[in-house]
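Chains, contacts and geometry: an overview
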Amino acid sequence: MVDRKEYDVLVIGGGPAGLAAALSASGTGARVGLIEREECLGGILKQCVHDGFGLVRFGQMLSGPEYARRFIDLVEGSDIAVHLETFVHAARRLASAGGGYVLECVSRDEGVFEAYAPALVLATGCRERSDRQVFIHGDRPAGVLTAGLAQHLVNIEGVLPGRRAVILGSGDIGLIMARRLTLEGMEVEGVYELKAEPSGLSRNLQQCLSDFGIPLHLLMTVVEIHGKRRVEAVTAARVDLRGSVIAGSERLVECDTLVLSVGLIPENELALSLGLGLDPSTKGPKVDQGGGAGEGIFVCGNALHVNDLVDYVSESGEAAGRDAAGHALSIGAAGGTAAPGRRVAVKAGPGFLYAVPQFIDLSRPGPAVIYFRVNSTLREGARVSLSAAGETLLGKRYPALRPPEMERLEIDPGRVPEGCDSLWLELERKEADLG
Amino acid sequence: MAETRRFVCIVCPRGCALEVDVDVDVAGEGKAVLALRGNACARGEVYGRSEIVDPRRSLTSTVRVANGKRRRLPVRSTGTIPLPRLREAARALDGIVVEGPLACGTVIAVDFLGLGVDIVATDQLERGM
């Protein structure tokens, strides 16, 4: 008989989203189990030794470990049951009255066990797109690695991945690693970006590339990797605005390391196995303002959509933890059922990449936070408004909007008029940015 | 001679596009800030002015751990140091070895390289093995 541990809320993932979710659920009195596959809590923050975390939440520039520590200390001082070095290899929904979820776990200390809770929080983060997911010709010798792996090698293991690096993709981790590798004594030949615009935050272009004279090559990509056992060079080429390689523009760049910073994808293997559908634009499940994806599953942080700032990851974790605890406790009180409230859809109009959450549950008290990204740079800024049945509920002016930068709006669900079934996020751009 | 310099404020993730009118000498070095635009807050003003006459950055890195379960301990400078000396400072961290237990925030090097800043741990370190 496999040992079964019972909780009100089970949180999968001990990174910033999971830590915040576990704490907020525990704060409402729920019994919380937190499952983390690595040997310590903190998630990716452990290897983000640079600073800039926590400005929104704490008004301070913290390094990743410092930001994580603030939450870890609270978790360690709480009665949250933390299961470290524990891997969830399957999750299933119970068909009996009340439902709930059973996680099949394998743990270094506790062996094989099952964990049960009526509410599940998925805080599984995201993964890096790898060299198998981008199209590059040639061999795969040693020296091809993702930016996050390079970061792990340098900051956790204390080893340099090579001597001369080319970075493909201008995502934030790639930019951060350009600076990090340079400071640790590697030469970074340049950062190559397929698109016409960089995909990282402006401040990282300044402090990670400009500060060190590292060139950013826009509309260029790596088309081939050369080398037998170790990377010896890559072929870089110019591309047109559609991303097609311009013939004759290829040039050979000598390097022993190719670092890929080509995007992050929410990790939702468990969500898919539980039958949740994904929003094609966020690649995460469709949720309400508390991360509720239905039937007691709550999703938060980068598993939901890739955030630009950890502060927002924590915020979404808190909302998910609170609502997961509310769900679990109401099931207990109602003897097996939790009635869903009236929901309206949040729809993003033209000009947006996406808006999260996809639904607002009107029965929930307190303001609902809507995060969104635009799909192109609006240098002149724009006015973003949220309307329901032709009535504008709120509007906000932004001095500038860029796709890498996530924006945030708060709405009072009580202001949504009766009888309307969707809210529209709309963009009014300035003349200069039109066409 | 005056010129306008454009750069991004790095104080917070908002990343304001700053425009600074600078009085420069014949060698192109910034002597004085004549005007500053584009900042959304007072910290941007301070940053923009400092960037012209004396660009400074925080240093974050790791140091070696002796006899520990982990190999590296993350550290930071308590204040900013001149940008031109950042690489030198990062290299100098190579010589530091720490041993646990250490609390987050423990000073590891006082007045590092005479730069007027300390190096502190940004995570706790468990007792050595």
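Residues numbered from 1 in each chain as written. Chains lettered and ligands numbered in written order. Predicted model: local features only at pLDDT ≥ 70, side-chain atom pairs only at ≥ 80, totals over all residues. Heavy atoms only, no water.

1. Looking at the overall build of chain B
So the rule is basically this: Strands are runs of DSSP state E lasting at least 2 residues, helices are runs of H or I lasting at least 4, and numbering of each runs from the N terminus. Put simply, the radius of gyration uses C-alpha atoms, and a globule should come to 2.2 Å times the residue count raised to 0.38. By definition in these notes, contact holds between two residues if any of their heavy atoms fall within 4.5 Å. Residue burial considers only the protein chains on display, and all accessible areas are found by Shrake-Rupley using a 1.4 Å probe. A residue counts as positive if it is Lys or Arg and as negative if it is Asp or Glu; His and the chain ends are not included. Charge positions are represented by NZ for Lys, CZ for Arg, CG for Asp and CD for Glu.
Along its length, chain B carries two helices and 10 strands. Listing each helix as α and each strand as β along chain B from the N terminus yields β-β-β-α-β-β-β-β-α-β-β-β. Against the globule reference of 14 Å for 129 residues, chain B gives a C-alpha radius of gyration of 19 Å, more extended than a compact globule. The principal-axis extent of the C-alpha atoms belonging to chain B is close to 60 × 30 × 20 Å. Across chain B, every contact between residues at least 6 apart in sequence was considered, and the portion connecting residues at least 24 apart equals 45%. For chain B, the accessible surface area stands at approximately 6,500 Å², while carbon and sulfur atoms represent 51% of it. Of the side chains in chain B, 19 bear a positive and 16 a negative charge, and the two mean positions are spaced by 7 Å.

2. Looking at the overall build of chain A
Our working rule: Buried means the residue's accessible area, taken with a 1.4 Å probe over protein chains only, is under 20% of the maximum for its type, while exposed means over 50%, and partly exposed covers the values in between.
A tally of regular secondary structure across chain A gives eight helices and 31 strands. Scaling as 2.2 N^0.38, a compact globule of 435 residues should have a C-alpha radius of gyration of about 22 Å, and chain A matches this with 23 Å. With the principal axes as the frame, chain A shows a C-alpha extent of 70 × 60 × 40 Å. Burial status across chain A gives 58% buried among its 435 residues.

3. Quick look at unusual backbone geometry
Put simply, A:Val356 and A:Pro357 share a cis peptide bond, and its omega is 5°. Along the polypeptide, A:Pro357 turns up in the loop between strand 25 (352-356) and strand 26 (359-361). Residue B:Pro101 is bonded to the preceding B:Gly100 through a cis peptide linkage, with omega at 5°. On the secondary structure map, B:Pro101 appears in the loop between strand 8 (97-98) and strand 9 (107-109). The phi angle at A:Glu85 is positive, at roughly 50°, despite the residue not being glycine. Secondary-structure assignment places A:Glu85 in the loop between strand 6 (81-83) and strand 7 (86-93).

4. Side note on the sheet that holds strand 10 (residues 119-121) of chain B
Hydrogen bonding along the main chain pairs the strands of a sheet, whether they run parallel or antiparallel. Put simply, the test is: Two strands pair under a simple rule: DSSP has to find at least two bridges between them. For helices, the axis comes from a line fit to the C-alpha atoms of the stretch in contact; other axes are also lines fit to C-alpha atoms, and the angle between any two N-to-C directions lies between 0 and 180 degrees.
If you walk across this open sheet you meet the five strands as 8-5-6-10-9 (chain B), and the pairing is mixed. Single-partner strands in this sheet number two, and they are strand 8 and strand 9 of chain B. Pairing between strand 5 (residues 60-65) of chain B and strand 6 (residues 72-77) of chain B: five bridges, direction antiparallel. By the bridge assignment, B:Thr60 is partnered in strand 6 of chain B with B:Arg76. In the packing of helix 4 (residues 147-157) of chain A onto the sheet, contacts are made with strand 5 and strand 6 of chain B, and the angle to strand 6 of chain B comes to roughly 90°.

5. A word on the interface of chain B and chain A
Rules: A carboxyl oxygen of Asp or Glu within 4 Å of a side-chain nitrogen of Lys or Arg is what we treat as a salt bridge. The definition of a polar contact used here is a pair of N or O atoms within 3.5 Å, where within protein one atom must be able to donate a hydrogen and the other to accept one, and adjacent residues in sequence count solely through side-chain atom pairs. When residue character is reported, Ala, Val, Leu, Ile, Met, Phe, Trp, Tyr, Cys and Pro are called nonpolar, Asp, Glu, Lys and Arg charged, and the others, Gly included, polar.
Contacts between chain B and chain A engage 32 residues on the former and 30 residues on the latter. Our count for the chain B to chain A interface comes out at five salt bridges. Put simply, A:Glu66 and B:Arg76 hold a salt bridge, and the shortest N to O gap is 2.8 Å. Taken together, chain B and chain A are joined by 14 residue pairs in polar contact (both at pLDDT 80 or more). Only strand 1 (2-8), helix 1 (42-53), strand 5, strand 6 and helix 2 (86-92) of chain B provide two or more residues apiece to the side of chain B that touches chain A. Of the residues that constitute the side of chain B that touches chain A, the class distribution is 14 nonpolar, seven polar and 11 charged.

6. A look at the sheet that holds strand 28 (residues 382-388) of chain A
Residue and element names in this part refer to chain A. An order of 26-24-31-28-29 is seen for the five strands of this open sheet, with the pairing classed as mixed. Bordering the open sheet on either side are strand 26 and strand 29 (391-398), each of which pairs with just one other strand. Strand-to-strand twist in this sheet, taken as the mean axis angle between neighbours without regard to direction, amounts to 20°. Judged from the seven bridges that link them, strand 28 and strand 31 (residues 422-429) form a sheet pairing that is antiparallel. In the strand pairing of strand 31, Ala-382 is matched with Arg-429.

7. Considerations on a nonpolar patch on the surface
Quick reminder of the rule: The residues that make up patches have over 30% relative accessible area and no salt bridge, and they are joined within 9 Å when like-charged or within 5 Å when they are Val, Leu, Ile, Met, Phe, Trp or Tyr.
A cluster of nonpolar side chains, namely A:Val2, A:Val106 and A:Val112, defines an oily patch on the protein surface of about 230 Å² accessible area. If you trace the backbone, A:Val112 turns up in strand 9 (residues 111-117).

8. A closer look at the packing of helix 4 of chain A against helix 5 (residues 172-183) of chain A
All names here are of chain A. Put simply, the rule is: Crossings are assigned a handedness: left-handed for a near helix turned anticlockwise from the far helix by less than a right angle, right-handed for a clockwise turn.
At a minimum axis separation of 9 Å, helix 4 and helix 5 run at an interaxial angle of 35°. As for how helix 4 packs across helix 5, the hand of that crossing is left-handed. For the pair formed by helix 4 and helix 5, the contact residues are Ala-147, Gly-148, Ala-150, Gln-151, Val-154 and Asn-155 on the first element and Ile-173, Gly-174, Ile-176, Met-177, Arg-180 and Leu-181 on the second. Taken together, the residues that form the contact of helix 4 with helix 5 break down as seven nonpolar, four polar and one charged.

9. A word on the domain arrangement of chain A
Residues and elements named next belong to chain A. Cut-off, in case you're wondering: Residue ranges for the domains originate in an automatic or database domain assignment. Two parts lose some accessible area (1.4 Å probe) when they are put together, and adding that loss for both gives the buried area.
Domain assignment breaks chain A into domain 1 (1-128 + 263-340), domain 2 (130-262) and domain 3 (341-435). The distance between the C-alpha centroids of domain 1 and domain 3 comes to 26 Å. Listed by partner, the interface residues are 20 residues for domain 1 and 20 residues for domain 3. For the pairing of domain 1 and domain 3, the buried interface totals around 1,600 Å² over both sides, and the portion due to carbon and sulfur atoms is 50%. Summed over the three residues of domain 1 that lose the most area to domain 3, namely Gln-289, His-305 and Asp-308, the buried surface amounts to 34% of that side. A salt bridge links Asp-288 to Arg-364; its shortest N-O distance comes to 3.0 Å. Counting across the interface, domain 1 meets domain 3 through 12 residue pairs in polar contact (both at pLDDT 80 or more). Across the side of domain 1 that touches domain 3, the residue classes tally to seven nonpolar, seven polar and six charged.

10. A closer look at the environment of A:Tyr312
Residues and elements named next belong to chain A. Within the element layout of this structure, Tyr-312 appears in helix 8 (residues 310-334). As a C-alpha pair, Tyr-312 and Gly-143 span 169 residues in sequence and 34 Å in three-dimensional space. Apart from the residues lying within four places of it in its own chain, the contact partners of Tyr-312 are Val-56, Asn-307, Tyr-371, Met-406 and Arg-408.

11. Considerations on the pairing of strand 17 (residues 220-226) of chain A
Residue and element names in this part refer to chain A. For strand 17, a buried count of five out of seven residues is recorded, marking the element as mostly surrounded by other parts of the structure. Inspection of the sheet shows strand 12 (residues 137-138) paired to strand 17 by two bridges, in the parallel sense. Following the sheet pairing, His-137 is matched in strand 17 by Glu-224. Note that strand 17 and strand 18 (residues 233-238) share six bridges and pair antiparallel. When the bridges of strand 18 are listed, Val-222 appears paired with Ala-236. What sits between the antiparallel neighbours strand 17 and strand 18 is a turn of six residues, in which Gly-227 has the positive phi angle 135°.

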